[in-house]
Amino acid sequence: MAHSTTPGAAEGTASASVPSAASTSVTDAAGGDPSSAGRTETPAVEPAADSKSAPESRTSRASKASRASKSTKASTGGTFRNRFKRDRTLILMTLPAVLLVLVFNYIPILGNVVAFQEYDPYISDNGFIAVFESPWIGLEQFNRLFEDSAFWDAVQNTLVLFSLQLVLFFPIPILLALLINSVIRPRVRAVSQAILYLPHFFSWVLVITVFQQIFGGAGIIAQTLRQHGYEGFDLMTDPGIFKFLVTSEGVWKDAGWGIIVFLAALASVSPDLYEAAAMDGAGRWRRMWHVTLPALRPVIALLLVLRVGDALTVGFEQILLQRDAVGPGAAEVLDTYVWWNGVRNQDFSYAAAAGLIKGVVSLGLVLAANKVAHLMGEQGVYKK
């Protein structure tokens, strides 16, 4: 009896001393002894897997980063052929404008050579060949120019007109843009913009005719004064106020068109900035000073640099149409001076010398104004 029970006990002891994997997992799942669970697990396998997968993951990340950098380089740079292939549509779109600028702006620069000649277009049947056959006289045309008092009068009138337009005309588009931007109703804003834009599409002949019918000697204001026993006036022929008259005409014609750029800049301002300023207690004027004007500052700096570069160009057609009414003493500017001497008097070399001086001075003004913009922290026409 004892002999028959001993093997069974031994088997029971063996089975109890060597637990199966299933019983171990059940014990662990049932919340058994943590120490026994830790002894039965084989954690050495996971670090081995990590040690293999870690280099592989680093390699895969490096390859992905390399591919991303290559794709970024291909999209933003690369060879000239790749960039041309990428941007060929944009290049084809801008090609007509580039050709126009090349033909009408850059190629005529070569004609400035006649400023150093005694150019005679009749010396040859071909005016282009006449440039090569005309005699060279060096700086004689420039000496004539600097000794001509009419030239300096034209320079003075040009600078006075530029100063008035810079002070009286340049801020008006900014103020109009702020005013229109403050209007809440979209319909009112659209009608206001249309009314302000409309005069830009009028020719200078029509603009001057409108002013003549209002402020001229036979205009509606003068006739109304005469009908009520007062003496009439004629502002269109008064040399003393001619410069203010020209500035007023420019404001009426182009102020509405000038606000387009400022409205576009205001449209890019995030409404969150206005909401944050309002929550901080900023009123309407404080929001305009600390949010709106800083958003317009880069655009104002850019347009101011361009306006300074146009300091010697104050409106050729506008002034030429009114030159005879007030006389050359009040209306002669550099553009009309060049036209009068070069086209009317056919002194081409002398007019070319005046135009060359104007171009060089304008270029210097642009560079100086752009430098000032850089000192003020703005980009200007080009970056540093």
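Reference entry: report on the structure contained in this document. (Residues numbered from 1 in each chain as written. Predicted model: local features only at pLDDT ≥ 70, side-chain atom pairs only at ≥ 80, totals over all residues. Heavy atoms only, no water.)

1. Looking at the layout of surface pockets
1) Next: When its volume is computed, the largest pocket comes out at roughly 680 Å³.
2) Next: Forming the boundary of the largest pocket are 24 residues, of which Phe169, Asp254, Gly258, Arg307 and Asp310 lie nearest the centre.
3) Next: Looking at the lining of the largest pocket, the elements that each hand over two or more residues are helix 8 (149-169), helix 13 (242-267), helix 15 (284-309) and helix 16 (316-326).
4) Next: Looking at the lining of the largest pocket element by element, the count peaks at eight residues for helix 13.
5) Next: Each residue belonging to the lining of the largest pocket can be placed in one class, and the counts come to 13 nonpolar, seven polar and four charged. (1 Å grid on protein atoms, 1.4 Å probe; cavity = no way out; pocket = protein on both sides within 12 Å on 5 of 7 lines; lining within 4 Å. Points joined across faces, edges and corners; volume = space filled by probe spheres on them. Helix = DSSP H or I, 4+ residues; strand = E, 2+ residues; numbered from the N terminus. Nonpolar A, V, L, I, M, F, W, Y, C, P; charged D, E, K, R; others polar.)

2. Examining the environment of Arg86
1) Next: Relative to the assigned elements, Arg86 resides in helix 5 (residues 80-106).
2) Next: A relative accessible area of 37% places Arg86 in the partly exposed class.
3) Next: Polar side-chain contacts of Arg86 include one of 2.9 Å to the side chain of Asp87. (Buried < 20%, exposed > 50% of the residue type's maximum accessible area, 1.4 Å probe, protein only. Polar contact = N/O pair within 3.5 Å; in protein donor to acceptor, adjacent residues only side chain to side chain.)

3. Topic: unusual backbone geometry
1) Next: Positive phi outside glycine occurs at Gln346, with the angle close to 55 degrees.
2) Next: With respect to the element layout, Gln346 can be found in the loop between helix 18 (334-344) and helix 19 (348-375).
3) Next: You can call Gln346 partly exposed: its relative accessible area is 43%.

4. Here we look at helix 15
1) Next: Under the 1.5 Å per step criterion, the end-to-end length of helix 15 is 35 Å for 26 residues, consistent within 8% with the ideal 38 Å.
2) Next: A bend of about 40 degrees at Leu293 is the largest found in helix 15, and the proline Pro294 appears one to four places after it.
3) Next: All of the buried residues in helix 15 are Val291, Thr292, Leu296, Val299, Ala301, Val305, Arg307, Val308 and Gly309.
4) Next: Buried positions along helix 15 lie against helix 8, helix 9 (171-181), helix 13, helix 14 (271-279) and helix 19. (Expected span 1.5 Å × (residues − 1). Bend = angle between axes of the 7 residues up to and from the residue. Contact = heavy atoms within 4.5 Å.)

5. Description of the packing of aromatic side chains
1) Next: A complete count under the given rule lists 13 aromatic pairs for this structure.
2) Next: Centroid distance Phe80 to Phe84: 6.3 Å. Interplanar angle 25 degrees. Geometry classified as stacked. Of the two residues, Phe80 and Phe84 both sit in helix 5, four residues apart, roughly one turn of that helix.
3) Next: The class for Phe84 is partly exposed, based on a relative accessible area of 42%.
4) Next: With 6.0 Å between their ring centres and 80 degrees between their planes, Tyr119 and Phe348 make a pair best called edge-to-face. Of this pair, Tyr119 sits in the loop between helix 5 and helix 6 (127-133) while Phe348 sits in helix 19; the two residues are 229 residues apart in sequence, bridging distant segments of the chain.
5) Next: Residue class for Tyr119 comes out buried when judged on its relative accessible area of 17%.
6) Next: Aromatic ring contacts, followed pair by pair, group Phe146, Phe151, Trp152, Tyr337 and Tyr350 into a single cluster.
7) Next: Its guanidinium or amino end placed over the ring of Trp340, Arg323 lies 4.2 Å from that ring's centre, counting from NZ or CZ.
8) Next: The aromatic ring of Trp340 is capped on one face by Arg344, whose charged end is 4.5 Å from the ring centroid. (Phe/Tyr/Trp six-rings, centres within 6.5 Å; stacked < 30°, edge-to-face > 60°. Lys NZ or Arg CZ within 6 Å of the ring centre and 35° of its normal.)

6. Some points on the side chain of Gln322
1) Next: Tracing the backbone through its elements, the reader meets Gln322 in helix 16.
2) Next: A relative accessible area of 4% places Gln322 in the buried class.
3) Next: At 3.1 Å, the side chain of Gln322 and the backbone oxygen of Gln318 are in polar contact.
4) Next: With residues near it in sequence (within four places) discarded, Gln322 still touches Ile208, Met236, Phe242, Leu245, Val246 and Glu249.

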